[in-house]
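Here is what each chain is made of, one letter per residue.
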Amino acid sequence: MPVFISSIPTIEEDDLKLCKELLSKNDVDDIDVKLSGFEDKKHFYTNTGRASLYTILKALEITKGDEVIIQSFTCMAVVVPLKWLDIKPVYADIDQDTYNISFESIKNRITDKTRAVIIQHTFGIPAQLEKIKEYIDEVNKDRDKKIYLIEDCAHCLNIKKEDKYLGSFGDVSFFSFGQDKVVSTTQGGCIVSNNEKLEKKMEEVYKNIPNMPARTVKYNLRYPLLWNFIKKVYYKPKFLANSKYFSKFTFGKFLIILFRFLGLIKSQASINDFGSPQKGVFKLSCKQKHLLKNQLDKIERLSKHREKITDKYSRLLDLDLHGSLIRYPILVDYPDLVKSKLQKIKVIAGNWYNYPVIPRGIDLDKVEYTIGTCPNTEYIVEHILNLPTGLEVTGKEAEKIVHIVKSHLI
Ligand SMILES: Cc1ncc(COP(=O)(O)O)c(C=O)c1O
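Everything quoted here is computed from the prediction, not taken from an experiment.

**What to know about the overall build of the chain**
Item 1. Broken down by element type, the chain carries 14 helices and 13 strands.
Item 2. Taking 2.2 N^0.38 as the reference for a compact globule, 410 residues should give roughly 22 Å; the C-alpha atoms of the chain span a radius of gyration of 21 Å, in line with that estimate.
Item 3. The principal-axis extent of the C-alpha atoms belonging to the chain is close to 70 × 55 × 40 Å.
Item 4. Across the 410 residues that make up the chain, the buried fraction comes to 59%.
Item 5. Within the chain, residue pairs in contact and separated by at least 24 positions form 73% of the contacts whose partners lie at least 6 positions apart.
Item 6. Entry remark: accessible area of the chain is about 18,600 Å², with carbon and sulfur atoms responsible for 50%.
Item 7. The average position of the 63 basic charges and that of the 53 acidic charges among the side chains of the chain differ by 8 Å.

What follows is the structure, given as structure tokens:
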């Protein structure tokens, strides 16, 4: 079975059947869907993780001229909502062994204008929350305007750090159900707040968010079906195999180009298009909530699988990473070369994050990142490769992957 790290890696037959059913219905009932560990909290569902972050920033009344500290080893999805609100992103460096924001770096970035720190649990590796929280609580004692802690749980769901779920440490947290996330509704996001006052504010902002347009709901439910089809035929006999120019062109690649041209599948982030809140912030549809629930009912099995594959990689590569990682990060000499070697065994690996703020090639002035300010990030982005841990990866497959990558580790 081919492995695709970034395209609905955990969607199964029952999810596909549900997508078809949902597409055939006019309307479905709204349902109450809760994430593990947050059963007693109110959930605010949005169309994407970035829309969730935007909603949080609005509720916290963080606005033009304010600063928010984020890690530089990240995705433009985190920067976009800041830009929508004219908030300045201030980049902190990461720790090399966890890929998460460095405590020391945060300390150096706090100014009078800082209003929040976003703590990202990269790849599902828990960040140093307790230490950061303790420090911020101390700093807040002398400030009129509090610095909030926002947990970015886009890479983690159902993960605990010492008996406490990730997402329950900060003031407020958001999750993503994008096409490459732990569970997927093609696009989707959710907010939970650990502070009742803030929950009330969130309600105020959330009630004014429009519903998702019907065509977008359709797009989101059709996407898993289309990708499932693409995966099945991806490596089918080389299309135009005898052509000098198109010999590497598989049927799957042809379909991707065709579906992209028809607007049936889109990439998640575009370097030239930051979008706008008017076009990019909606409530999650009820139909997608049903798809989400179907996957959340299976979350224990999905998490255990990722944990097992993570352990296997760590054992075979002699690295110290554990837990249910959404992707397994390694540092290699030539990531593109290793990636192409993996493609030969039908494994498409990932590149979160091969640039300070991906996608690679983004205008760094536009995202306000200055080269030289985060040396650890700048080193890692040149060497990072992500190995898949989703359901498509069996133990045997993990061994084959390790066989290829091992000699390239740095
Ligand atoms: C670290 C991080 N945070 C937030 C997001 C936002 O996700 P979404 O694509 O749902 O807006 C992403 C997306 O990949 C991400 O990688």
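**Some thoughts on the nonpolar core**
Item 1. Within the largest apolar cluster, 142 residues are counted, with the highest numbers of intra-cluster contacts made by I150, Y313, L342 and L387.
Item 2. Considering each element in turn, this core owes the most residues, nine residues, to helix 7 (residues 214-233).
Item 3. In terms of domain composition, this core takes at least three residues from each of domain 1 (25-206) and domain 2 (299-408).
Item 4. Excluding anything up to four places from it in sequence, I150 contacts L53, I56, L57, L60, A116, V117, I118, I119, V172 and F174.

**Observations concerning empty space enclosed by the protein**
Item 1. Taken as a whole and judged by the stated rule, the model has two cavities of 30 Å³ or more.
Item 2. Approximately 60 Å³ is the volume found for the largest cavity.
Item 3. I5, P9, R306, I326 and G390 are, among the 13 residues lining the largest cavity, the residues nearest its centre.
Item 4. For the lining of the largest cavity, a count of residues per class yields seven nonpolar, two polar and four charged.
Item 5. In this model, the second largest cavity occupies a volume close to 30 Å³.
Item 6. Of the residues belonging to the lining of the second largest cavity, the class tally is six nonpolar, one polar and one charged.

**Regarding the environment of Y369**
Item 1. Looking at where Y369 falls in the secondary structure, it is placed in the loop between strand 12 (347-348) and helix 13 (375-380).
Item 2. Using a relative accessible area of 3% as the deciding quantity, one classes Y369 as buried.
Item 3. In the structure, Y369 is positioned 18 residues away from L387 in sequence and 27 Å away in space, judged by C-alpha atoms.
Item 4. Y369 has contacts with S72, Y91, P356, L364, C374 and E378, leaving out every residue within four places of it along the chain.

**Things to note about the domain arrangement of the chain**
Interfaces are frequently sized by the accessible area removed from exposure as the parts join.
Item 1. When the domains of the chain are assigned, the result is domain 1 (25-206) and domain 2 (299-408).
Item 2. Using C-alpha coordinates to define each centre, domain 1 is positioned 23 Å away from domain 2.
Item 3. Buried area between domain 1 and domain 2, both sides added, is near 2,800 Å², and the carbon and sulfur share of it is 61%.
Item 4. Contact with domain 2 buries surface across domain 1, with F73, Q96 and F123 losing the most and accounting together for 23% of the total.

**Quick word on the sheet that holds strand 9 (residues 172-176)**
Item 1. Pairing within the open sheet is mixed, and its seven strands lie in the order 2-10-9-6-5-3-4. Both outer strands of the open sheet, strand 2 (43-46) and strand 4 (88-92), are each paired with one neighbouring strand and no more. Neighbour-to-neighbour, the strand axes of the sheet open up by a mean angle of 25°, direction not taken into account.
Item 2. Across the face of the sheet, helix 3 (residues 76-84) comes into contact with strand 3 (67-71), strand 4, strand 5 (114-120) and strand 6 (148-153) while running at roughly 175° to strand 3.
Item 3. With respect to the sheet, helix 6 (residues 196-206) is in contact with strand 2, strand 6, strand 9 and strand 10 (189-193), its orientation differing from that of strand 2 by roughly 35°.

**Things to note about the site of the ligand**
Item 1. Taken together, 16 residues surround the ligand, and among them G49, R50, D152, K181 and Y353 come closest.
Item 2. Within the contact set of the ligand, a nitrogen atom lies 2.6 Å away from a side-chain nitrogen or oxygen of D152.
Item 3. One of the side-chain N or O atoms of H155 is found 3.1 Å from an oxygen atom in the ligand.
Item 4. Notes on the ligand: free accessible area 390 Å², of which the protein chains cover 98%.
Item 5. Listing elements by their share of the shell around the ligand, those giving two or more residues are helix 2 (49-59), helix 3 and strand 9.
Item 6. Here the shell around the ligand is composed, by residue class, of six nonpolar, seven polar and three charged.

So, how was this worked out
- Residues numbered from 1 in each chain as written.
- Predicted model: local features only at pLDDT ≥ 70, side-chain atom pairs only at ≥ 80, totals over all residues.
- Heavy atoms only, no water.
- Helix = DSSP H or I, 4+ residues; strand = E, 2+ residues; numbered from the N terminus.
- Rg over C-alpha atoms; globule rule 2.2 N^0.38 Å.
- Buried < 20%, exposed > 50% of the residue type's maximum accessible area, 1.4 Å probe, protein only.
- Contact = heavy atoms within 4.5 Å.
- Areas by Shrake-Rupley, 256 points an atom, 1.4 Å probe, with all protein chains shown as cover.
- Lys, Arg positive; Asp, Glu negative; His and termini not counted.
- Charge placed at Lys NZ, Arg CZ, Asp CG, Glu CD.
- Core = buried A, V, L, I, M, F, W, Y, C linked by side-chain atoms within 4.5 Å.
- Domains from an automatic or database assignment.
- 1 Å grid on protein atoms, 1.4 Å probe; cavity = no way out; pocket = protein on both sides within 12 Å on 5 of 7 lines; lining within 4 Å.
- Points joined across faces, edges and corners; volume = space filled by probe spheres on them.
- Nonpolar A, V, L, I, M, F, W, Y, C, P; charged D, E, K, R; others polar.
- Buried area = accessible area lost by both parts, 1.4 Å probe.
- Pairing = 2+ DSSP bridges.
- Axes fitted to C-alpha atoms, helices over the stretch in contact; angles between N-to-C directions.
- Near = heavy atom within 4 Å.
- Polar contact = N/O pair within 3.5 Å; in protein donor to acceptor, adjacent residues only side chain to side chain.

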